[in-house]
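# Summary of the model geometry
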Amino acid sequence: MHDMSHAQAAHHEPTGFIRKHVFSLDHKVIGKQYYGLALAAVLIGMFLSWLMRIHLGWTNYPIPGLELLSKNGAPGNVMTPEFYLQLMTMHATIMVFFVLTTAPFAAFGNYFLPIQVGAEDMPFPHFNMMSFWVTFVGFLVLVSSFFVPDGPTLGGWTQYAPLSAVGKVSGPGQGLGVVLWATSIAIFCVGQLLGSLNFITTTLDMRTRGMSMWRLPLSAWAWFITSVMGLTAFAVLMPACILLILDHVAGTSFFVPSNLVINDQLQPHSGGSTLLWQHLFWFFGHPEVYIAIVPGMGIVSHVLVTNMRKPLLSHRVVVYSMGALAVLSYMVYGHHMFLSGMNPVSSLAFSFPTLVITIPSTILVLMWLGSLYGAKLRINSASLFSLGFISMFISGGVSGFFLAQPSTDIMLHATYFVVGHFHMVMGVAAMFGIFAGTYFWFPKMFGRMMNETLGKLHFWLSFVGTYCIFMPSTILEWPETYAVTRRLWTTTHSR
Amino acid sequence: MGKFVAVTIVVIAIVSAIPILRHTWWMAEDISTHGAPIDEQMSETMAEAGISFLASQIILAYFIWRFSGSRPGEKVKHFPGGAKAMVWAAFLLVGTEVLALGVFGVKAWANIYFTPPAANAMPIQVQAGQFAFYFRYPGPDGTFGPLHADLINEGTQNFFGLDQDHDQDSKDDIVTAEMAIPVNREIHLLMHAKDVGHSFFVPELRVQQDFVPGLDVTLHFTATKIGRYEIVCTQLCGLGHYNMKAYLNVKSQPDFDDWLKKQAALQ
Amino acid sequence: MKAAQKIAVMSSALLLLAFAFLYSGNNVSAAGEGKITGTIKLDGTAPRQRPIDMSKEPSCAKIHESNPVHTENVVASASGTLQNVVVYVSEGLTGNEASAVSSDNPTWDQKGCQYIPHVMALNIGQHFKVVNSDQTSHNIHPMPKQGGPNHEWNKSQPTGAPPFDVTWTGEEVAIPVKCNIHPWMHGYMAVVKGPNAISDANGAFTLNLAPGSYTLTAWQEELGTQTQKVTVAAGKPATADFTFKAK
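What you see is a predicted model, and the numbers here were worked out from it, not measured in a lab. One numbering rule holds for all chains: residues counted from 1, following each sequence as written. As they are written, the chains are lettered A onward and the ligands numbered 1 onward, keeping that order. Local features in this predicted model are restricted to residues of pLDDT 70 or higher, and side-chain atom pairs are both shown and tallied only at a pLDDT of 80 or more, whereas totals for entire chains, interfaces and linings draw on every residue. The basis for every side-chain value is the complete set of non-hydrogen atoms in the structure, without hydrogens or water.

## Brief notes about the domain arrangement of chain A
All names here are of chain A. Assigned domains of chain A: these are domain 1 (1–12 + 20–272) and domain 2 (295–495). Contacts between the two partners involve 45 residues from domain 1 and, on the opposite side, 34 residues from domain 2. Once two parts are brought into contact, the accessible area they lose, counted with a 1.4 Å probe and summed over both, makes up the buried area. When domain 1 packs against domain 2, close to 3300 Å² is buried across both sides, 74% of that on carbon and sulfur atoms. Taken as a group, Phe-108, Trp-214 and Leu-218 account for 23% of the area that domain 1 buries against domain 2, more than any other trio of residues on that side. Any carboxyl oxygen of Asp or Glu within 4 Å of a side-chain nitrogen of Lys or Arg constitutes a salt bridge here. Connecting domain 1 to domain 2 are zero salt bridges. Counted as a polar contact is a pair of N or O atoms within 3.5 Å, where, for protein atoms, one must be capable of donating a hydrogen and the other of accepting one, and residues adjacent in sequence contribute only when both atoms are in side chains. Between the two partners, domain 1 and domain 2, sit 11 residue pairs in polar contact (both at pLDDT 80 or more). Of all the secondary-structure elements, those providing two or more residues to the side of domain 1 that touches domain 2 are helix 3 (27–57), helix 5 (81–99), helix 6 (102–117) and helix 9 (218–249). The biggest single contributor to the side of domain 1 that touches domain 2 is helix 9, with 11 residues. Classifying every residue of the side of domain 1 that touches domain 2 by side-chain character gives 32 nonpolar, 11 polar and two charged. Start and end positions for the domains come from either an automated domain assignment or a database one. Whether two residues are in contact is decided by their heavy atoms, any of which lying within 4.5 Å being enough. To qualify as a helix, a DSSP run of H or I must reach at least 4 residues; to qualify as a strand, a run of E must reach at least 2; elements of each kind are numbered from the N terminus. Each residue receives one of three labels: charged for Asp, Glu, Lys and Arg, nonpolar for Ala, Val, Leu, Ile, Met, Phe, Trp, Tyr, Cys and Pro, and polar for the others, Gly being one of them.

## Looking at the interface of chain B and chain A
Residue-level contacts link 98 residues of chain B with 96 residues of chain A. When chain B packs against chain A, the two sides together hide about 8500 Å² of surface, and 74% of this comes from carbon and sulfur. Linking chain B to chain A there are zero salt bridges. One can count 21 residue pairs in polar contact (both at pLDDT 80 or more) joining chain B with chain A. Among the elements of the structure, helix 1 (2–21), helix 2 (35–67), helix 3 (82–113), strand 7 (207–210), strand 9 (227–232) and strand 10 (245–251) of chain B are those that each provide at least two residues to the side of chain B that touches chain A.

## Considering the sheet that holds strand 15 (residues 224–232) of chain C
All names here are of chain C. The four strands lie next to each other as 12-2-14-15, forming an open sheet whose pairing is antiparallel. Here the strands that pair on one side only, and so sit at the sheet edges, are strand 12 (196–198) and strand 15. Across the sheet, the mean angle from the axis of one strand to that of its neighbour is 30°, orientation sign disregarded. The pairing criterion is simple: DSSP has to find at least two bridges between the two strands. As paired elements, strand 2 (residues 86–91) and strand 14 (residues 212–220) share five bridges and run antiparallel to each other. Of the residues in strand 14, the one forming a bridge with Tyr-88 is Thr-217. Angles run from 0 to 180 degrees between N-to-C directions of axes, and those axes are lines fitted to C-alpha atoms, restricted for helices to the stretch in contact.

As structure tokens, then:
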């Protein structure tokens, strides 16, 4: 328990527009700023995916106005292969970092964690303010890569080396585009580390009198667990990005071995390891996807409890399960690398924790289901999106059974099955968590009610619509006629 | 509205399950000797995933149907058994099923990766480079000549960087753009990456393996059916990734010998 | 009055002359009244051109099914003449002739997954069109010398994209061009000053030049360069044959 007056003394009422709304130290304003950033980001990310989809439907046809976005990328408004990959890379990067980490964790967390623990504000308000503005600068740096001559990087949000590390010789956008990408992500990591610092200390040190850890709402627990993951995961991604930048600008070869020949030219590198990038990236990458979903789990639990008119079957079990997910998330990352050329024994080793992580995930689903039993669930936009979250989490989660085993992964790695899987859990379930939180907390955050009719319409269109998009993507990966591998400008199957 | 949600979930679950249950579309035919355990693993996983999926979606739908709305007069109830039952269910049902999957799946993986190639496996080298696959056969001397990265010249078709003027072993090496193999003969595939990361995927052969620049990985397999199959690159390698493929022709031994002779004459 | 009229006439004449000079420097399609013809020959056996297997691109492989294509690094006829040799004037051009830019707008076509023509010769600043006549996307990747006057670029041209209009900034013999998607596609662009020609299937070339003394250079992508001094007289076509030694 901490002296409240200490926190109060640090807070004098801000005056002036800039102090109140721009460079504010108030966690609620910062939360709203993060929400605004996520909203802007999701609109851009969504627009990029529209362009990709229109192209896939009408390959080689001019898309009116596309040339305005990129003269080289769309000669005569026809999307080139490199532009498609650039759009795909930016779509994923923007969505994973600036939407799915920002909204459920930084936006709602900043706003509500101090309130839920009973604190006046976070213990380091200046770091908190900086965390938003640093994240914002990261976003600007990322978006700026659209405006450099060769455009943004085309190597996927995973940026595997050597494609990402040898420079522009490996393709358009692989020079300055990669440097800007890596710089933006490194900056983003700094912002999130500052945020995680605040979240952890708030939860551990700033709880009000009588608020034991076990009394914290599940959303508070979710933010706390997520911030611990954030601290450790982003702390690995940031140096990885710095090493990548060094390979570009300082002549190092962290990720590039010798004897590579591109465009008939021997590349001036030696001594690096391409697998090293994958290990560093996925050590961050797997916890990252749990960073994206755990806050949603907390929000959904919170929303359901409020609307079910009864508590969850067990508060502690949910906390332990989310904690288990977090701990296990570090042990499973190699399932992204089953076929990467790493020791096949490692592949087996990683598959067991991946299968075991099903258990806490199942416990969570059973907790929600079991709590619904005997409830009197109020149906509103927030609870609808919570139910949608559960359904999508189940769907996306069971497709993970296949991706957890190296033998089945042989058939499904790098196909649209994976695309269906991660869109269902991240693109839909995590998004639904954000929507549930938005509908639930909008009145508190902005002082007005949202329109329930539009909210329900939003739910129905999203729920049915996303199933229509991503369930076929998963199922149609089976048949040989339709099975398609991913990240393709167009399919050239010619059976 | 809760009831609508429940019905929608059930419809989605059933519509998703039908094509799988009816095998409306199924996997490419297996033409490999190691594929049967993989296919078995896929089927078992599908059964477990499918049952988990259907059961949980239907239970979710039923609970939403039954327990949404204010239902005046009814009391709020708690699930008999409480959280404990759920945790036990998760460990027993799901825990054992996934561990079973894992344990049985080891064999499918071990078949491919923990067995050495046969002594008489035919070595073929495949080089992946932006944006094509090229193949090299060792020729009558059975040895591959050394690769010289600085001699690679795509304009003169020296894709591997061979020095056939000075390296004795390279003189009879046969470089082709299509991969042909004799049926029922084990192949020892030596995988070399010229520039960035690529991958080698032949669904019918139940083979997918990334190339690692700087580390030559190997694979071995046997094809059991004559035919023409596609090898596609499945690791994003640049702008031409979508177009990076080659053809695998599984031929009878005499047809293969014929083909190899013809290719040797074209070198 | 008379003086003013004189001045007007003289200044008009001067203006006309000035225009004539300016105009003559910019847009000339045929210079002078002299001609050099010649044949490029190969001394020795032509290196075997390897057949190109386009199986990874079925739409192109089909086009060449009955008539397989070969590499074009050294294209020699049965009678020992060389095609695709660039012939240009390396010495002897006047200032005007050297800075003249041909108004021809040749096409660099991608057809059947080959570059047609395999070699192109251009003046600095001369416009040429890059066209994709195939059903597959290509990417055009010229790789001029690093640090030289011309800049490397790499652009895709899907089927359905309009022709690209391109010019080069400086002399270079020659800029290799490749398609990254189809690794066998190779060609060259030679950027030279003044009149230029490329030897045809019979090894023959023609250069139209004003009477004078010149040094001609012939360049072949594998066999290097040869030079020769030629004098052109008005009305009398001169001959300049080149012979390259096979490696």
